[in-house]
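# Summary of the model geometry
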Amino acid sequence: MVLGDLNRVKEGYSEGYYNSKKYGMTKTTFSKGKSIKFYAEELGGNDFVSLNYYITNNEELLKPCEMEEKKVIRFLNNVKIYSK
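Below is a short write-up of the structure. Here the residue numbers are simple positions, counted from 1 along each chain's written sequence. Given that the model is predicted, a residue must reach a pLDDT of at least 70 before its local features are reported, and side-chain atom pairs must reach 80 or more before they are shown or counted; all residues, however, enter totals for whole chains, interfaces and linings. In computing side-chain properties, one takes all heavy atoms of the structure into account and sets aside hydrogens as well as water.

A count of helical and extended segments in the chain gives two helices and six strands. Runs of H or I in DSSP of at least four residues are treated as helices and runs of E of at least two as strands, each being numbered from the N terminus. Element order for the chain, N to C, with α for helix and β for strand: α-β-β-β-β-β-α-β. For the chain, the spread of C-alpha atoms along the three principal axes comes to 40 × 30 × 20 Å. Sequence separation of 24 or more characterises 33% of the internal contacts of the chain that already satisfy a separation of 6 or more. As displayed, the chain has an accessible area near 5,400 Å², and 47% of this comes from carbon and sulfur atoms. The charged-residue count follows a simple rule in which Lys and Arg add positive charge and Asp and Glu add negative charge, with His and chain termini not counted at all. A single reference atom marks each charge: NZ on Lys, CZ on Arg, CG on Asp, CD on Glu. Considering the chain, the positive charge centre built from 14 side chains and the negative charge centre built from 11 side chains are found 5 Å apart. By definition, residues are in contact when any of their heavy atoms lie within 4.5 Å. Each accessible area value is a Shrake-Rupley result obtained with a 1.4 Å probe; residue values ignore everything except the protein chains displayed when judging cover.

Given below as C-alpha cells:
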C-alpha cells in the first residue's frame, strides 16, 4: 500500500510529524505518475527517509535509498501530515 501512503503527501514541499519529531518532506512525480521521488528530513535532527517508487506495466517497485524498506514503509504509514 505504499502508493496510497505516498499519495497522502502533496506534490512539492510539505511538513509532517513522525515519532514526535518534525520533518520536511519533498515529493516529485515524473513520467505522468509512473515515477515518484520522495525525501523527508528531520528538521533540527539527522534522520531522513529517501525513496524512489516506480510503476511499470507489470509491477510496482519501491526502491529505498540507503535504508531498509521497512523504515520507509513505517514512516509513510505513520507520518502525520501538517496542514498550514
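This is not the end of the story, as more comes after the structure.
Attention now moves to the environment of Gly12. With respect to the helices and strands, the residue Gly12 is situated in strand 1 (residues 12–18). A C-alpha to C-alpha distance of 5.3 Å links Gly12 and Thr26, two positions 14 residues apart in sequence. Contact partners of Gly12, with chain neighbours within four places excluded, come to Met25, Thr26 and Lys27.

Moving on, we get to the pattern of salt bridges. By definition, a salt bridge exists where a carboxyl oxygen of Asp or Glu is found within 4 Å of a side-chain nitrogen of Lys or Arg. On inspection of all chains with the given rule, the structure shows three salt bridges. One salt bridge connects Glu15 with Lys22, and the closest N-O pair in it is separated by 3.2 Å. Its salt-bridge partner being Glu68, residue Lys70 comes within 3.6 Å of it at the nearest N-O pair. Each member of the pair, Lys70 together with Glu68, is exposed. Per-residue accessibility, obtained with a 1.4 Å probe over protein chains only, is compared with the maximum for each type, and a residue is labelled buried under 20%, exposed over 50%, and partly exposed between these values.

Examined bridge by bridge, strand 1 and strand 2 (residues 21–30) share seven bridges and lie antiparallel to one another. Paired with Tyr18 across the bridge in strand 2 is Lys21. Strand pairing is assigned whenever DSSP detects at least two bridges linking the two strands.

The subject of this paragraph is the sheet that holds strand 5 (residues 60–64). Taken in spatial order, the six strands of this open sheet run 5-4-3-2-1-6, and their pairing is antiparallel. If you trace the sheet from one side to the other, it starts and ends with strand 5 and strand 6 (80–82), each paired once. Sheet twist, expressed as the mean angle between neighbouring strand axes with direction ignored, is 25°. Throughout, an axis means a line fitted to C-alpha atoms (over the contacting stretch in the case of helices), and angles, computed between N-to-C directions, take values from 0 to 180 degrees. Here helix 2 (residues 69–78) sits on the sheet and contacts strand 1, strand 2, strand 3 (35–42), strand 4 (48–55), strand 5 and strand 6; the angle it forms with strand 4, its principal contact strand, is near 95°.

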